[in-house]
Each structure stands twice: as structure tokens, then as C-alpha cells.
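Letter by letter, the chains look like this.
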Amino acid sequence: MNWETMQIYLGLGDTKMHWVVRVFLVVLSTLIANFIATRILTRIDKQLEKTKTPWDNVLIHAAQKPIGVFIWLAGVTIAAEISGTEIDSKFSSLIHSIREVGVVIILTWFVLRCISESEKTLTNSSKITANVDYTTASAISKLLRASVVITSALVVLQTLGFSISGVLAFGGIGGIAVGFAAKDLLANFFGGLMVYLDRPFAIGDWIRSPDQNIEGTVEHIGWRQTRIRTFEKRPLYVPNSTFSLISVENPSRMTHRRLNETIGVRYTDFSVLPTILADIKDMISKHEDIDSNQTYMVNFNQFGPSSLDFFIYAYTKTVDWRTFHNVKEDVLFKAMKIIESHNAEVAFPTHTVHMANNSKMALMSEQEGSSEQASKTSSN
């Protein structure tokens, strides 16, 4: 390639730069701009991690990928316009529409990433002292994302030349038909909305229903159904509309766990039973894991078949299931030691058989023989 040819391509002198060279320079500039923008955003992100507020990092994280795509969109469309004017003049109008739609999509992507990053920050960030409940943050995030997507879809339709009023009118008429056809789906949707608003349970809660065979830990609350992991480690999928028809118990929100046990001592230990009850009640009141501000009782309850039964009724301070059983075990062992300290014993099922003496047995045999002789005489 001689110098005159290079002057034509490079646009030196009075000649205009060749469109191929211009496209190359635009793509090269786009590549450099994307590289510089990525490095700058990475450095800014590292500096902002040192601040006390997490929201500046949210914006940087949300903007990193969309900015890179926006730079490439701008560069590619400019290069396409340059080549399009040289190839086909009508091609530029198509490039203009693609650029506008691309900008709307990138902005939508940026806003969606902002919502997702905000949700993560509200639920997991160590820079926020009072983290928001995950269920509430997830519900608000889903509503915002749905609103953003619908709005951006309408803007894209308007950009492409469609009439939004006609689309909305068609959607209103079609919505009635869809409502009748998908009433169960809508019922589940509004059921999920009620779960988000009323918050009878949250993700991670242990719930159960006395109306149906539903019990387990909540893993996911969706718009249509809720996933519960049963204690057999099996996933249970419950439509959200079900929760508006049944009663739901949430043991995860209990304040205490109840201890209610019945113990029996022998009938021969009745004389020391009042002292045993008093000592056990004193032990309950001083136990470090029993909440003495709640109701606690140790009382003689009933005359059992082979024991004098009394009950221990109290509330533990812990709600953890494993810790509760350790506390329960400790209370029962201490109760048994108190019973043993009074030379008494815990009763077990027994039967007493009374044997008649020889004279009574002989008399009973004579009476049975006389009755048999009388019956024979009467029959003859």
C-alpha cells in the first residue's frame, strides 16, 4: 500500500477518512472506554467499602455491568450508523430505534440491579444495625421489579410506534377473561400477598396447621406457592390460597417452652409426700433455666392405680428444642434425687394378690358342694 492510498484511507489532506477506518476507530475507542470505565468503577468500589454507609456500594455494584453494556451499545450503534450510511441510507433509522430500545433495556437492567442489591443490603449488610426481615424485603423487591418491568415494556412499545392506549384497552378486556380462566392462580397470588402483608410466618420459621397435615420449616415464599421442608426432609409445596382457609400455628415465635410432667411415688411414702412436693417446688423456683416469673406448680394430682401422682408444671427460659430437653432432663433428675433423699421411691405398676387361708378355702368348698347337690335334687 503506497502513501497516496494511505492518505485516502486516513483522510489526510483534502480527502475524507474512509468509513472502514472510522468504524475501526470507533470500535477501538469503545474498547478503551469500557476498559477505563471498568477500572475506575472497581477503584471507586474499593474506596467506598471503607465508608459507613452501604448505599454508595449498592449504586456502584448495580452500575458496573450496565455501564459497560451501555458503552458498547453506543459504540456499536455509532459504528453501524457509519457503515449504514455508506451501504444503505434507510439502515440508519433502524439503528436509531435499536439504540433507543437498548437504552431503555439498560436503564431497566440498572434499576433491577439496584433493587436486588438493596434487598441484599437490607437483609445481610453488617453496616446496617437493624436488618429488615427477609420476607418483607423480598415482597417489596418483587413488587418493585414487577412495576419496573411493566413500565419498561410499555415504554419500549411506545418507542417502537405502538399505541399504549390501545394496548391498555386490550389488556383491560383481556384481563377480565384471564381473571375468570385463572381464578386459582389469582387466588394464590393474593394469598401470597396476604402472607407478605400479615406475616403469620417468615422464611426459616417452623409452622404447622391443626386443620391439615402441614408441618415443617418454611424455605421459600413465592407468589403462587410456599415451599415447606418437613421433618422427614421432604419438600412440601402448599398453594398460598390454602393459608387463607386454614389455621396456622407458628411455634418458632413462642416465648417459652412448657414443662409438664407427672411423677408417682409409692402409697407407702404418703407421709413424706408433702415434704417432697415442697422441696421440688423450691428447686423449680431456684432453677437457673426455669422462668420463675411465669406460672410454675408442683402439686399432688391423683390417686393412681399403684402410685400417688403429682405433676411438675413450669416454663423454661429457652425455646431451643435441644436445650429444652437438657433442662427437662436436669429437672427430672433433681426431682428423683429429692425423692430418694426422703427414703421414698418412684412407683412402678404393681399388683397385690390376697390369698385366702385353709379354713376359708374348706368352707368355700363345702358351700360349693352343697349347692351342686341341691341343684341335682331339684332336677330329679
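Residues numbered from 1 in each chain as written. Predicted model: local features only at pLDDT ≥ 70, side-chain atom pairs only at ≥ 80, totals over all residues. Heavy atoms only, no water.

Visitor: Help me understand helix α9 (residues 321–341), please; the structure alone is not making it clear to me.
Guide: Because an α-helix completes one turn every 3.6 residues, residues spaced three or four positions apart along the sequence face the same direction. Its 21 residues place the ends of α9 31 Å apart at the C-alpha level, agreeing with the 30 Å of an ideal helix rising 1.5 Å per residue. Residues of α9 that are buried include every one of Phe-324, Val-327, Val-331, Ala-335, Ile-338 and Ile-339, and no others. Down the axis of α9, the sector holding all buried residues measures 115 degrees, keeping them to one side. Away from its buried face by more than 90 degrees, α9 exposes Arg-322, Asn-326, Lys-337, Glu-340 and Ser-341. The elements touched by buried residues of α9 are β5 (257–265), α8 (273–286) and β7 (308–316). Its side-chain oxygen placed 3.4 Å from the backbone nitrogen of Arg-322, Asp-320 serves as the N-cap of α9. Just downstream of α9, Asn-343 is the residue with a positive phi angle, here 55 degrees. (Helix = DSSP H or I, 4+ residues; strand = E, 2+ residues; numbered from the N terminus. Expected span 1.5 Å × (residues − 1). Buried < 20%, exposed > 50% of the residue type's maximum accessible area, 1.4 Å probe, protein only. Arc of directions from axis to C-beta. Contact = heavy atoms within 4.5 Å. Polar contact = N/O pair within 3.5 Å; in protein donor to acceptor, adjacent residues only side chain to side chain.)

Visitor: Explain the confidence of the model for the chain to me, please; I cannot follow it from the model alone.
Guide: As a note on interpretation, predicted positions should not be read in detail where pLDDT is low. Here the chain shows a mean pLDDT of 79. Residues at 70 or above account for 74%. Summarising per-element confidence for the chain, the mean pLDDT is lowest in helix α1 (residues 3–10) (50) and highest in β7 (95). (pLDDT = per-residue confidence, 0-100.)

Visitor: Help me out: how do you make sense of the packing of aromatic side chains in this one?
Guide: Any pair of aromatic rings gets described here by the distance separating the centres and the angle formed by the planes. Tallied over the entire structure, the rule returns 5 aromatic pairs. One aromatic cluster in this structure is built from Tyr-267, Phe-300 and Phe-303. Against the face of Phe-324 rests Arg-257, its NZ or CZ located 5.8 Å from the ring centre. (Phe/Tyr/Trp six-rings, centres within 6.5 Å; stacked < 30°, edge-to-face > 60°. Lys NZ or Arg CZ within 6 Å of the ring centre and 35° of its normal.)

Visitor: In this structure, what is going on with the nonpolar core? I would like to understand it.
Guide: What tends to happen in soluble globular proteins is that the nonpolar side chains get buried as a cluster. The biggest cluster of nonpolar side chains holds 22 residues, and the ones touching the most others in it are Ile-280, Ile-284, Val-298, Phe-310, Ile-312, Val-331 and Ile-339. Of all the secondary-structure elements, those providing two or more residues to this core are β5, α8, β7 and α9. Ignoring any residue separated from it by four or fewer positions in sequence, one finds Ile-339 in contact with Ile-263, Val-265, Ile-276, Phe-310, Ala-344, Glu-345 and Val-346. (Core = buried A, V, L, I, M, F, W, Y, C linked by side-chain atoms within 4.5 Å.)

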